[in-house]
Amino acid sequence: MSKTFSGRQVVKALRRCGFVVDHQRGSHIFLHNLDKNISVIVPNKKELKKGTLNNIIKKAGLTIDDLQKLI
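In this text, all values refer to a predicted model and were calculated from it rather than measured experimentally. (Residues numbered from 1 in each chain as written. Predicted model: local features only at pLDDT ≥ 70, side-chain atom pairs only at ≥ 80, totals over all residues. Heavy atoms only, no water.)

**Student:** What should I look at first to understand the pairing of strand 3 (residues 38-43) in this one?
**Tutor:** Consecutive residues of a regular strand have side chains that alternate between opposite faces of the sheet. Judged from the six bridges that link them, strand 2 (residues 28-33) and strand 3 form a sheet pairing that is antiparallel. Residue pairing across strands places L31 opposite V40, the latter belonging to strand 3. The antiparallel pairing of strand 2 with strand 3 creates a hairpin that spans four residues between the two strands, and N37 there sits at a positive phi of about 55 degrees. (Pairing = 2+ DSSP bridges. Helix = DSSP H or I, 4+ residues; strand = E, 2+ residues; numbered from the N terminus.)

As structure tokens, this is what we get:
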């Protein structure tokens, strides 16, 4: 992965995939996909760590390439 992503970029990409922002508690944004019944929590940071980003992508059912296209 050559580029780092911020929390806002990931939230924007997930919203394009059909996720809806459920609520926010502190710096964590809770997203939910009603069709697939999947919940994802994204920290609102300037730069997400590699492991955090990989877990979010895996839980959402996306790949790195899919995420880059959506952003």
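Back to the text.
**Student:** Please explain the nonpolar core as it appears in this structure.
**Tutor:** Across soluble globular proteins, nonpolar side chains show a tendency to be buried alongside one another. The biggest cluster of nonpolar side chains holds 19 residues, and the ones touching the most others in it are V10, L14, V40 and V42. For this core, the secondary-structure elements that each account for two or more residues are helix 1 (7-16), strand 2, strand 3, helix 2 (50-60) and helix 3 (64-70). (Core = buried A, V, L, I, M, F, W, Y, C linked by side-chain atoms within 4.5 Å. Buried < 20%, exposed > 50% of the residue type's maximum accessible area, 1.4 Å probe, protein only.)

**Student:** What is the right way to look at helix 1 in this model?
**Tutor:** Because an α-helix completes one turn every 3.6 residues, residues spaced three or four positions apart along the sequence face the same direction. Inspection of helix 1 places G7, V10, V11, A13 and L14 among the buried residues, and these make up the whole buried set. Mapping the buried residues of helix 1 onto a view down its axis gives an arc of 165 degrees, with all of them on the same face. Away from its buried face by more than 90 degrees, helix 1 exposes R8, K12 and R15. Downstream of helix 1 by a residue or two, G18 has a phi angle that is positive, lying close to 110 degrees. (Arc of directions from axis to C-beta.)

**Student:** Even after reading the chapter, I still don't get helix 2, so can you show me in this structure?
**Tutor:** Residues L53, I56, I57 and A60 constitute the buried set of helix 2. On an axial view of helix 2, the arc spanned by its buried residues comes to 95 degrees, and they lie on one face. Of the exposed residues in helix 2, the ones pointing more than 90 degrees away from its buried face are N55, K58 and K59. Contacts made by the buried residues of helix 2 are with helix 1, strand 3 and helix 3. Just downstream of helix 2, G61 is the residue with a positive phi angle, here 80 degrees. (Contact = heavy atoms within 4.5 Å.)

Honestly, that's just the spatial picture; any functional story needs more than this.
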